[in-house]
Every structure is written in C-alpha cells, then in structure tokens.
Amino acid sequence: MTPYARRGVHGQTVEALARRILGGRIPEGATLDLVALQSELDVSLTALRESLKVLAAKGMVDARQKRGTFVRARSDWNLLDADVLRWQFEGADQATDADRTLLRDLSEVRAIVEPAAVRLAAERRTDTDLAALEAALDAMGERGSDPGRAVEADLAFHRALLAATHNELLERMEMVIEPGLAHRDRIVHSHPHSEDPVPAHRAVLDAVRDQDPGAAETAMRALLVQAGRDLDRIDRTEQTGSDDTKGSGAK
C-alpha cells in the first residue's frame, strides 16, 4: 500500500487524529466529539469526516448509528500499515514506554525476515543490486556527524537488500521495517560514542557479493544482535545517567 500523502489541511488533520489515538490521548473505545474536534483542529466538518475515513480504512476508527464515531480496539488496528507505524514513531527523539514495545516487536520481525531475505539476496543479486548496496555503504561512511544522512544511508542499505531478493512481497516489507528502523537509528545517533557502523554492513555486503548465503545470514544476524544491544545500552544510560559502554551506529 502506498503511504498516505501528507499534504494540506486534510493530511495534517489525519496525522493529528492518528497521533492522538496512537498516543492514547483519545483512548480505545472513546466516542469522538466531532464538533469539539472540528473547533479544536480548526477544520471544516467535511474535512474532519474525510480524515476519519482514512483512519477507518486502517482499522483505527468506526462509526455506528446511535453511538457515533469511536476508536476501535488496538487489536483491530492495522499495525503493519506503513502510515500507522510512521505515525507511531515519527517525531520522537527517544524511545518512550508507549513505543518501546513496538520497537521490540519490529526487532523480532526483522530477525525473522532479514536473515532469510539476505540468503535470497546472496543467491539472486545482480550487478545493479551490488552497486546500490555499495552506494548506500559509501554514504554511510561519509555521513559525518549528520544523523539525518546516517539514517537515510542505513535505510537505503536495507532497502537495497530487500530489493536484491527479487521477491516482490519481500520488497514490500520495507514499508513495515523502515519506520521502526528509522526511529531506532534516530535514537542511536542522538547519543555520543557511536561505533562506526560500516564494518558490520560491509560484512553483509561482502557475503552477498560472494554469493554465500550462509555467511550472509550469519553476518546479518550479528548485525541485528548488535542493533538490539545498542538500544539496551541507551536504556541503561538513560536509567543510570552514565555511558560505560560503547554502542554502534545505524544497524
């Protein structure tokens, strides 16, 4: 599914409502006061209703006669939707209690998907795929102290890996993986003493270039394990106020 276009008043209204629901400001089961929301968001009732249709399509709200429009149970939300994931994470500089569980869940999804995907990439990669991976790795090495460039380089690398599988469904997994990966990278790069991320990614690329599925999977699993340790280190730092270990960069 193509991500929702964030343009104009309509797009802003959709995102404002989504973030309130995802953040718990409008809780599950709550009936929406459309008149109050219209005034608070300073939009027309038509624009508000059209925005709610977008959220209804993602399983977040519904409408019933006599009850009105209400927030559905979280179990009904399409949490694999790229927009829902992005709304959950975007704009946050640190992992909160609300999204830490989702970060963990996405890490587990990555641990299932990416090692298997990289095996296919090693078997099926083309020269074009290798060039895309190399370009992303070069950008990662040239990122300097710019967190934004570091995040984009890491996303480009993992996007290129999925593309190298030449499996259309696996390629679409980028829409699930990228929002959480980007959020994780922003957290890691907001802390000092980040280790150079290039070697771990280089090991993956070398194995893919050598068309060695086993080595590629091993390298990817090692990269993902370190990625989890990065967040654990940051959690400990935030809890203790000290940083006694070095973490790594984007994973």
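Note that the structure is predicted; figures quoted are calculated from it, not measured.

**Student:** What's the story with the packing of aromatic side chains in this structure? I'm lost.
**Tutor:** How two aromatic rings sit relative to each other is given by the distance of their centres and the angle of their planes. Counted according to the given criterion, the structure contains zero aromatic pairs. One residue, Arg 67, lies across the ring of Phe 70, its end atom 3.7 Å from the ring centre.

**Student:** Would you explain the pairing of strand β1 (residues 61–64) in this entry?
**Tutor:** Sheet topology places β1 next to strand β2 (residues 68–71); four bridges connect them, and they run antiparallel. When the bridges of β2 are listed, Arg 64 appears paired with Gly 68. Between the antiparallel neighbours β1 and β2 lie three residues, among them Lys 66 with a positive phi of about 75°.

**Student:** Any chance you could explain the side chain of Glu 217 here in plain terms?
**Tutor:** Its location among the elements puts Glu 217 in helix α11 (residues 213–240). In this structure the side chain of Glu 217 is engaged in a polar contact, spanning 2.8 Å, whose partner is the side chain of Arg 119. Leave out the neighbours within four places in its chain, and Glu 217 touches Pro 115, Val 118 and Arg 119.

**Student:** Looking at this model, I keep getting lost on empty space enclosed by the protein. Mind explaining?
**Tutor:** Once rolled over the atoms, a probe with the size of a water molecule shows which space is left empty. Counted under the stated rule, the structure contains two cavities of 30 Å³ or more. In this structure, the largest cavity occupies an estimated 60 Å³ of space. Lining the largest cavity, in full, are Leu 103, Leu 106, Ser 107, Arg 110, Ile 177, Gly 180, Leu 181 and Arg 184. Considered class by class, the residues forming the lining of the largest cavity number four nonpolar, two polar and two charged. Lining the second largest cavity are Glu 114, Ala 117, Val 118, His 158, Leu 161, Leu 162 and Met 220.

Conventions we followed
- Residues numbered from 1 in each chain as written.
- Predicted model: local features only at pLDDT ≥ 70, side-chain atom pairs only at ≥ 80, totals over all residues.
- Heavy atoms only, no water.
- Phe/Tyr/Trp six-rings, centres within 6.5 Å; stacked < 30°, edge-to-face > 60°.
- Lys NZ or Arg CZ within 6 Å of the ring centre and 35° of its normal.
- Pairing = 2+ DSSP bridges.
- Helix = DSSP H or I, 4+ residues; strand = E, 2+ residues; numbered from the N terminus.
- Polar contact = N/O pair within 3.5 Å; in protein donor to acceptor, adjacent residues only side chain to side chain.
- Contact = heavy atoms within 4.5 Å.
- 1 Å grid on protein atoms, 1.4 Å probe; cavity = no way out; pocket = protein on both sides within 12 Å on 5 of 7 lines; lining within 4 Å.
- Points joined across faces, edges and corners; volume = space filled by probe spheres on them.
- Nonpolar A, V, L, I, M, F, W, Y, C, P; charged D, E, K, R; others polar.

Read these as layout, nothing more, since geometry by itself doesn't imply function.
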